Protein chains: 2
Amino acid sequence: MNFSQLQSLVALADTGSFTEAAYTINLTQSAVSHALASLESELGVTLLERNRKGVVSLTATGQKIIPHVRALLAQAESIEQEARVAQGKASGKVRLGSINSIIPPRSACQSTDQFSTELSRHGGSIVRGGHAGSWRLDRG
Amino acid sequence: MNFSQLQSLVALADTGSFTEAAYTINLTQSAVSHALASLESELGVTLLERNRKGVVSLTATGQKIIPHVRALLAQAESIEQEARVAQGKASGKVRLGSINSIIPPRSACQSTDQFSTELSRHGGSIVRGGHAGSWRLDRG
DNA sequence: CTCGCTTACGGACACCGTAAACATA
DNA sequence: TATGTTTACGGTGTCCGTAAGCGAG
């Protein structure tokens, strides 16, 4: 059991597709397929129903364990966050509008790419694309 | 960040020694040293105060993150446990005397090795040595 | 055909053990 | 000396990408 496997599982649960899941966690379909196969093998259970049409759904077992997986990954985030705080770096997950000083003018933010470009002028950078108006930021 | 690194950290916090920590998680001193060094490097923080006498103590940062680490590992245990339940396997952590039917006679249990040998005759096996009369068991 | 997942193959690298070096008492 | 941690080196195995295979539409 490793973090890639668990991240793959939640991404699959969220997207319902290996292709989409791979995109959200910056891996290939193949890697996600590998990850889930090995996780299922290791745990000795089937976690996903494969629907041959790109649509996957959690099995009963999958639904049982996924809250634990999300909680585990949340703890991992907390650990990294504590480490960043200890380093004196102010970074983490922000939501548009929550920290005005590092948010570029709306006119320059019609796309994530534009947002990234503008953000770099303020000392920030996008680590990973997010959903629904949120980005993960790192400020060196 | 991986599970070995996190297990090493909690073992170090519990034992205060690389040697003892390595013993409790079935690794060598060297592996534990590697694990913690890489974890500290990855997080960019120092987690342990080295006292050169075999006694180590957590730094302030270490104390901040260790509850998250323990919680994370607990979630991992929950995941494995859910998987075992889904498999229909009755296994987990037991304590000597709690399940009489799979405990060999005391006369045959002067050592962990003898316990293991006897236990195999009853369909059990020792996955990892434990402390204070407890073992982790798997029953196929 | 296209689309999507799986499988085969291989490269890069992470993990961990042995053994030596180093530090403390 | 004895005890305990770190470091150097190397083997084994994991992870993941490319590319081929396969099933469904």
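- Chain A carries the name HTH lysR-type domain-containing protein in an unreviewed UniProt entry, which gives Dictyobacter halimunensis as its organism.

1. With respect to the overall build of chain A
And step 1. On a plain count of helices and strands, chain A comes out with 5 helices and 5 strands.
And step 2. Listing each helix as α and each strand as β along chain A from the N terminus yields α-α-α-β-β-α-β-α-β-β.
And step 3. Here chain A holds 140 residues, and 37% of them are scored as buried.
And step 4. Contacts in chain A between residues far apart in sequence, at least 24 positions, make up 44% of those at least 6 positions apart.
And step 5. As presented, chain A carries roughly 7900 Å² of accessible surface, and 48% of it is formed by carbon and sulfur atoms.

2. What to know about the nonpolar core
And step 1. Phe3 and Leu72 of chain A together with Phe3, Leu9 and Leu72 of chain B are the most contacted members of the largest nonpolar core, which totals 55 residues.
And step 2. In contact with leucine 72 of chain A, other than residues within four places in its own chain, are Phe3 and Leu6 of chain A together with Phe3, Leu72, Gln75, Ala76 and Ile79 of chain B.

3. Re the protein's contact with DNA strand C
And step 1. Every one of the 18 residues lining DNA strand C counts as a neighbour, but Phe18, Thr19 and Arg50 of chain A together with Asn2 and Thr28 of chain B are closest to it.
And step 2. The sugar-phosphate backbone supplies 78% of the atoms of DNA strand C found within 4 Å of the protein.
And step 3. The contact in question runs from a phosphate oxygen of DNA strand C to an N or O atom on the side chain of arginine 50 of chain A, over 2.7 Å.
And step 4. Taken together, the elements giving at least two residues each to the surface near DNA strand C come down to helix H2 (18-24) and helix H3 (29-43) of chain A together with helix H3 (29-43) of chain B.
And step 5. Sort the elements by how many residues they give to the surface near DNA strand C and H3 of chain A lands first, with 4 residues.
And step 6. A class-by-class count of the residues in the surface near DNA strand C yields 3 nonpolar, 12 polar and 3 charged.

4. Concerning the UniProt feature "domain: HTH lysR-type" (unreviewed entry) in chain A
And step 1. As recorded in UniProt, the feature "domain: HTH lysR-type" (unreviewed entry) lies at residues 1-58 of chain A.
And step 2. Along residues 1-58 of chain A, the helical share is 60% and the strand share 10%, with 18 Å between the first and last C-alpha atoms.

5. Comments concerning the relation of the copies chain A and chain B
And step 1. When chain A is fitted to chain B, the residual RMSD is 0.0 Å, and the transformation amounts to a turn of 180° plus an axial shift of 0.0 Å. Taken together, the rotation and translation describe the operation of a two-fold axis. Relative to the rotation axis, the closest C-alpha in chain A is found at leucine 72 of chain A, a distance of 2.4 Å.
And step 2. The overlap is high: 100% of the interface residues of chain A also sit at the interface in chain B, so the same surface is used on both sides.

6. Let's talk about the protein's contact with DNA strand D
And step 1. Taken together, 16 residues form the shell around DNA strand D, and within it Asn2 and Thr28 of chain A together with Thr19, Gln29 and Arg50 of chain B come nearest.
And step 2. Considering the 4 Å shell around the protein, atoms of DNA strand D inside it are sugar or phosphate in 69% of instances.
And step 3. Measuring from a phosphate oxygen of DNA strand D, one finds a side-chain N or O atom of serine 33 of chain B at 3.1 Å.
And step 4. Mapped onto the surface near DNA strand D, the elements with two or more residues apiece are H3 of chain A together with helix H2 (18-24) and H3 of chain B.
And step 5. In terms of residue count, the dominant contributor to the surface near DNA strand D is H3 of chain B (4 residues).
And step 6. A breakdown of the residues in the surface near DNA strand D according to their chemical character gives 3 nonpolar, 12 polar and 1 charged.

7. Examining the packing of aromatic side chains
And step 1. A complete count under the given rule lists 1 aromatic pair over all chains for this structure.
And step 2. Seen from their ring centres, phenylalanine 3 of chain A and phenylalanine 3 of chain B are 5.1 Å apart, and the 5° between their planes marks the pair as stacked. Of this pair, phenylalanine 3 of chain A sits in helix H1 (residues 3-15) while phenylalanine 3 of chain B sits in helix H1 (residues 3-15), each in a different chain. Considered together, phenylalanine 3 of chain A and phenylalanine 3 of chain B belong to a single accessibility category, that of buried residues.

8. With respect to the pattern of salt bridges
And step 1. Under the definition given, this model contains 4 salt bridges over all chains.
And step 2. We note a salt bridge from arginine 70 of chain A to aspartate 14 of chain A, for which the minimum N-O separation is 2.9 Å. Of the two residues, arginine 70 of chain A is situated in helix H4 (residues 60-87) and aspartate 14 of chain A in helix H1; the sequence distance between them amounts to 56 residues.
And step 3. Classification of aspartate 14 of chain A by relative accessible area gives exposed; the value is 54%.
And step 4. Its salt-bridge partner being glutamate 40 of chain B, residue arginine 50 of chain B comes within 3.0 Å of it at the nearest N-O pair. Of this pair, arginine 50 of chain B sits in strand S1 (residues 48-50) while glutamate 40 of chain B is found in helix H3, placing the two residues 10 residues apart along the sequence.
And step 5. Classification of glutamate 40 of chain B as buried rests on a relative accessible area of 11%.

Reading guide: rules and limits
- Residues numbered from 1 in each chain as written.
- Chains lettered and ligands numbered in written order.
- Predicted model: local features only at pLDDT ≥ 70, side-chain atom pairs only at ≥ 80, totals over all residues.
- Heavy atoms only, no water.
- Helix = DSSP H or I, 4+ residues; strand = E, 2+ residues; numbered from the N terminus.
- Buried < 20%, exposed > 50% of the residue type's maximum accessible area, 1.4 Å probe, protein only.
- Contact = heavy atoms within 4.5 Å.
- Areas by Shrake-Rupley, 256 points an atom, 1.4 Å probe, with all protein chains shown as cover.
- Core = buried A, V, L, I, M, F, W, Y, C linked by side-chain atoms within 4.5 Å.
- Near = heavy atom within 4 Å.
- Polar contact = N/O pair within 3.5 Å; in protein donor to acceptor, adjacent residues only side chain to side chain.
- Nonpolar A, V, L, I, M, F, W, Y, C, P; charged D, E, K, R; others polar.
- UniProt positions renumbered as here; feature names shortened; annotations may be inferred.
- Least-squares fit on C-alpha atoms with pLDDT ≥ 70 in both.
- Phe/Tyr/Trp six-rings, centres within 6.5 Å; stacked < 30°, edge-to-face > 60°.
- Salt bridge = Lys/Arg side-chain N within 4 Å of Asp/Glu carboxyl O.

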